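Spelled out from the first residue to the last, the chains are:
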Amino acid sequence: MSLSTGIVGLPNAGKSTLFNALTRTPVEASNYPFCTIDPNVAVVEVPDLRLLHLSALLSPDSTISTAIQFTDIAGLVRGAANGEGRGNEFLFHIRKTDALLHVIRCFEDASVSHVEEGGLVPVRDAEVVEAELLLSDLEVAERNLAALDKVVKSDPRSSRQVEAEGLRRVQTSLQDGQPVSSVELNDAEEVALRAYQFLSAKSSLFVANVAEKDLPDGGAGAQALQQSFGENRVLVISAQIEAEIAQLDDAEVKRAFLGELGLDRSGLDRLISRTYELLDLITFYTTANGKLQAWQLPAGTTCPVAAGRIHSDMETGFIRAEVAAATDLEEVAGELTRLREQGKLRTEGRDYPIRDGDVVTFLFK
Ligand code: GDP
């Protein structure tokens with residue numbers, strides 16, 4: 001499983017420029033069987049210093065990072081939910097993603113036209129796209145509720161009552177212009193509604209695509225977005241600069257270039273760490289059969305479920321896990337016997353929630 005994100009935004013917001021910059025170095029597809037072969041989809045490795053350190057320490061035969069899949073979704077315009085542009089075709093593609101990156105144009109450039117009248121107004125552009133997502137969800141909710149209502153009315157004891165009740169509240173919320181994420185659902189309703197893959201239930205990050213002169217803070221457009229949507233939901237990036245950075249192969253030259261712009265990390269790095277925070281994801285590591293591998297996991301996931309990420313047999317046959325923190329392993333230069341003496345190689349059972357940076361060996365039947 002990989003984290004999959006959809007890049008949305010109005011035409012000429014800079015989506016493709018960003019997508020091309022982010023995905024300039026695609027990964028070896030054979031390591032990631034989930035890879036979709038599609039020109040608008042690319043998988044990139046998640047930069048991970050801890051993994052580099054572990055790899056240097058343990059000298060495995062192979063080292064595999066986690067990955068993020070980006071899908072560039074073109075064709076979103078005002079009226080998309082009603083089938084304008086490529087309309088529903090594109091909306092279908094983003095239903096499958098874990099998170100949305102919503103790119104908003106904040107750069108002035110007379111040679112790049114605006115699809116919306118009235119020139120550069122980032123908050124308006126953002127609202128146009130957000131409204132389309134809500135409208136699309138409302139259409140899904142209304143269509144399904146009509147059918148579901150017939151089922152539950154004809155059979156008051158139907159197991160789908162929970163789903164119908166949840167869907168009704170989702171519909172009311174959407175009619176009031178509120179996203180599905182704002183609806184309070186109990187666990188049963190949450191499970192019953194998962195398959196609908198509502199767009200406005202997804203975590204999303206606004207990406208303010210600003211001119212070079214507005215780095216690193218973002219300028220007026222990005223600030224307006226931060227005021228409207230909250231500071232921590234807006235990431236300032238210059239897609240054009242990211243495209244230039246992506247051309248640089250030399251790490252030192254890259255660092256110096258970023259430094260001149262007042263940035264400490266590339267947009268890709270910042271985007272990935274913000275997406276991890278947004279989705280409350282952690283990374284853990286396994287070393288088995290000469291393979292060091294990093295895995296993504298929602299924070300709080302227990303041992304057996306984490307083991308199931310690797311292989312379903314490991315979840316059903318889970319016995320226990322041997323766990324060490326990557327930092328502790330580094331301190332003893334990878335010597336497990338020393339770690340055990342220090343009591344830092346722990347044995348954990350079914351209820352242990354894997355922590356960020358854990359190095360785990362699963363024992364299973
Ligand atoms: P998309 O339709 O959202 O995929 O937008 P594109 O990435 O194709 O960008 C549309 C146009 O805007 C292209 O000509 C880009 O070169 C240009 N563009 C994208 N980002 C920037 C930027 O940060 N500054 C400037 N000046 N132009 C940009």
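The notes below deal with the structure included here. These figures come from a predicted structure and were not determined experimentally.

What counts, and at which threshold
Residues numbered from 1 in each chain as written. Predicted model: local features only at pLDDT ≥ 70, side-chain atom pairs only at ≥ 80, totals over all residues. Heavy atoms only, no water. Helix = DSSP H or I, 4+ residues; strand = E, 2+ residues; numbered from the N terminus. Rg over C-alpha atoms; globule rule 2.2 N^0.38 Å. Buried < 20%, exposed > 50% of the residue type's maximum accessible area, 1.4 Å probe, protein only. Contact = heavy atoms within 4.5 Å. Areas by Shrake-Rupley, 256 points an atom, 1.4 Å probe, with all protein chains shown as cover. Lys, Arg positive; Asp, Glu negative; His and termini not counted. Charge placed at Lys NZ, Arg CZ, Asp CG, Glu CD. Polar contact = N/O pair within 3.5 Å; in protein donor to acceptor, adjacent residues only side chain to side chain. Axes fitted to C-alpha atoms, helices over the stretch in contact; angles between N-to-C directions. Parallel < 35°, antiparallel > 145°, perpendicular 65-115°, else oblique. Nonpolar A, V, L, I, M, F, W, Y, C, P; charged D, E, K, R; others polar. Near = heavy atom within 4 Å. Arc of directions from axis to C-beta.

### Considering the overall build of the protein chain
Along its length, the protein chain carries 14 helices and 12 strands. Against the compact-globule benchmark of 21 Å for 365 residues, the protein chain has a radius of gyration of 23 Å, which places it among compact chains. Expressed along its principal axes, the backbone C-alpha trace of the protein chain runs to roughly 65 × 65 × 35 Å. In the protein chain, which comprises 365 residues, the share counted as buried stands at 47%. In the protein chain, of all internal contacts separated by at least 6 residues, the share reaching a separation of at least 24 is 69%. As displayed, the protein chain has an accessible area near 18,300 Å², and 49% of this comes from carbon and sulfur atoms. Between the averaged position of the 35 positive side-chain charges in the protein chain and that of its 55 negative side-chain charges there is a distance of 5 Å.

### Quick look at the side chain of arginine 95
Along the chain, the position of arginine 95 falls in helix α3 (residues 87–95). Look at arginine 95 and you get buried, because its relative accessible area is 10%. Only 2.7 Å separates the side chain of arginine 95 from the side chain of serine 136, close enough to count as a polar contact. There is a polar contact of 3.2 Å between the side chain of arginine 95 and the side chain of aspartate 137. With residues up to four places along the chain from it excluded, the contact list for arginine 95 reads Ser136, Asp137, Val140, Tyr196, Gln197, Phe198, Leu199 and Lys202.

### What about the packing of helix α4 (residues 122–154) against helix α7 (residues 219–229)?
Packing of α4 against α7 leaves a shortest axis separation of 8 Å and a crossing angle of 50°. The orientation of α4 with respect to α7, classified from their angle, is oblique. Here α4 contributes Pro122, Val123, Ala126 and Glu127 to the contact with α7, which in turn contributes Gly221, Ala224, Leu225, Ser228 and Phe229. For the contact of α4 with α7, a count of residues per class yields six nonpolar, two polar and one charged.

### What about the site of the ligand?
Near the ligand you find 16 residues, and of these Asn12, Gly14, Lys15, Ser16 and Thr17 are the closest. Lysine 15 has a polar side-chain atom sitting 2.8 Å from an oxygen atom of the ligand. Asparagine 209 is positioned such that a nitrogen or oxygen atom in its side chain is 3.2 Å from a nitrogen atom of the ligand. Protein chains bury 76% of the 580 Å² of accessible surface belonging to the ligand in isolation. Mapped onto the shell around the ligand, the elements with two or more residues apiece are α1 (15–22) and α8 (239–247). Per-element accounting of the shell around the ligand gives the leading share, three residues, to α1.

### A word on α8
Those residues of α8 not exposed but buried are Ala239, Ile241, Glu242, Ile245 and Ala246. Within α8, the buried residues cover an arc of 155° as seen down the axis, which keeps them to one side. In α8, the exposed residues that point more than 90 degrees away from the buried face are Gln240 and Gln247. Buried-residue contacts for α8 involve α1, β6 (203–209), β7 (234–237), α9 (251–260) and α10 (267–279).

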